[in-house]
Amino acid sequence: MPTSSSGTGQRPRSRAAAGLPALTADRIISAATTLTGERGLDNWTLRELARAVEAYPAVIYHHVGDRDAVVNAVVDRVVGLLELPDPDLPWQDWFTELLANLRAVLRAYPGCARRLALFGPSVQAAARSIDAGIGVLLKAGFGRESVLAYNLLVMTACQFVAMEDDRDGALALRIDNTETYATYRERADLPGMAELGAAMHDLMGDPDLAAGYYAQLYDYAVRRCLDGLAHRLGELRESDGESDGEGLTAT
């Protein structure tokens, strides 16, 4: 916090006089982004942010706004960290790389994935990645379904990362559930539960396997979404071919 001449009746010294850097919206958002990386988006207050930039909460309001405004700015800042793949990649490879990058960015800033899944980023922050992603799908041949396909892939990714973030905060419950499921691994009368129990038993016995479980689940979800879209693209191409054929027959 800025220093003051308490007890002397003098006004608080300026930031420059106190040897503090000038406070800007960018500096505030950077500090909030750092706090998000350290604690998660929902686990810091405006007062804590004000302490981080050595200012009063009113200064945060003046430069950025209330907490929701700061949170929106942080999410936009995180979205801006996303690197886009080479535009010349085949569409499935392009999205495989994009969504791998997206998970890495969002996992570094817990809570942002849930916010994106619910509300999305601002138009300004998302325009670059949306234009590129939908452009890749248009080029592949998805036509008017390109927007739906893009939202399917990105929202699925955000929801899986949000789930992973939330589960990090409930480790004890996760362990209890895993142990309980593992007890079903020899239940011949419940073959589905036995298969799940065997998988959970393997996770409990292999720390490396357990550590990579959610990344594997994420990759599986992405790949199966891409498989489904590839199948749909085949249907669209067949439909276009039939339409062309009908047109030729009619003439």
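Just so it is clear, the model here is predicted, and its values are computed rather than measured.

Description of the overall build of the protein
Item 1. When helices and strands are counted, the protein shows twelve helices and zero strands.
Item 2. From first element to last, N terminus to C terminus, the protein shows the α and β order α-α-α-α-α-α-α-α-α-α-α-α.
Item 3. Put simply, the protein has 251 residues, and 33% of those count as buried.
Item 4. Long-range pairs, those at least 24 residues apart, make up 67% of the contacts in the protein with a sequence separation of at least 6.
Item 5. Accessible surface for the protein amounts to roughly 14,800 Å². Of this, 53% is attributable to carbon and sulfur atoms.

Details of the nonpolar core
Item 1. The biggest cluster of nonpolar side chains holds 53 residues, and the ones touching the most others in it are Leu49, Trp91, Phe95, Leu102, Leu106 and Phe142.
Item 2. At the level of elements, helix 1 (25-39), helix 2 (46-52), helix 4 (67-79), helix 5 (91-107), helix 6 (112-119), helix 7 (123-140), helix 8 (146-168) and helix 12 (213-250) are the ones that each hand at least two residues to this core.

Observations concerning the packing of helix 5 against helix 8
Item 1. Remark: helix 5 packs on helix 8, axes separated minimally by 10 Å, with the N-to-C direction vectors making an angle of 30°. In terms of axis orientation, helix 5 runs roughly parallel to helix 8. For the element pair helix 5 and helix 8, the recorded crossing hand is right-handed. Residues Phe95, Leu99, Leu102, Arg103, Leu106 and Arg107 of helix 5 form the contact with helix 8, whose participating residues are Tyr150, Leu153, Val154, Ala157, Cys158, Val161, Glu164, Asp165 and Asp168.
Item 2. Across the contact of helix 5 with helix 8, the residue classes break down as ten nonpolar, no polar and five charged.

Focus: the packing of aromatic side chains
Item 1. The final tally for this structure, using the stated rule, is four aromatic pairs.
Item 2. When the ring of tryptophan 91 is compared with that of phenylalanine 142, the centres are 5.1 Å apart and the planes differ by 80°; the resulting orientation is edge-to-face. On the criterion of sequence distance, the pair formed by tryptophan 91 in helix 5 and phenylalanine 142 in the loop between helix 7 and helix 8 is long-range, its members being 51 residues apart.
Item 3. A relative accessible area of 3% places phenylalanine 142 in the buried class.
Item 4. A centroid spacing of 4.9 Å and a plane angle of 70° characterise the contact between tryptophan 94 and phenylalanine 95, whose relative ring orientation is edge-to-face.
Item 5. Residue classification places tryptophan 94 among the buried residues on the basis of a relative accessible area of 1%.
Item 6. These aromatic residues form a ring-pair network of at least three members: Trp94, Phe95 and Tyr150.

Points about unusual backbone geometry
Item 1. Located in the positive-phi region is glutamate 54, a residue other than glycine, with phi close to 55°.
Item 2. Mapped onto the fold, glutamate 54 is located in the loop between helix 2 and helix 3 (57-63).
Item 3. On the accessibility criterion, glutamate 54 (36% relative accessible area) is partly exposed.

Regarding helix 1
Item 1. Counted at 1.5 Å a residue, the expected span for helix 1 with its 15 residues is 21 Å, and the 21 Å between its end C-alpha atoms agrees.
Item 2. Of the residues making up helix 1, those classed as buried are Ile28, Ile29, Ala31, Ala32, Thr33, Leu35 and Thr36.
Item 3. On its buried face, helix 1 is in contact with helix 2, helix 3, helix 4 and helix 6.
Item 4. Phi for glycine 40, located one or two positions after helix 1, is positive at around 105°.

Reading the values: rules and limits
- Residues numbered from 1 in each chain as written.
- Predicted model: local features only at pLDDT ≥ 70, side-chain atom pairs only at ≥ 80, totals over all residues.
- Heavy atoms only, no water.
- Helix = DSSP H or I, 4+ residues; strand = E, 2+ residues; numbered from the N terminus.
- Buried < 20%, exposed > 50% of the residue type's maximum accessible area, 1.4 Å probe, protein only.
- Contact = heavy atoms within 4.5 Å.
- Areas by Shrake-Rupley, 256 points an atom, 1.4 Å probe, with all protein chains shown as cover.
- Core = buried A, V, L, I, M, F, W, Y, C linked by side-chain atoms within 4.5 Å.
- Axes fitted to C-alpha atoms, helices over the stretch in contact; angles between N-to-C directions.
- Parallel < 35°, antiparallel > 145°, perpendicular 65-115°, else oblique.
- Left-handed = near helix turned anticlockwise from the far one by under 90°.
- Nonpolar A, V, L, I, M, F, W, Y, C, P; charged D, E, K, R; others polar.
- Phe/Tyr/Trp six-rings, centres within 6.5 Å; stacked < 30°, edge-to-face > 60°.
- Expected span 1.5 Å × (residues − 1).

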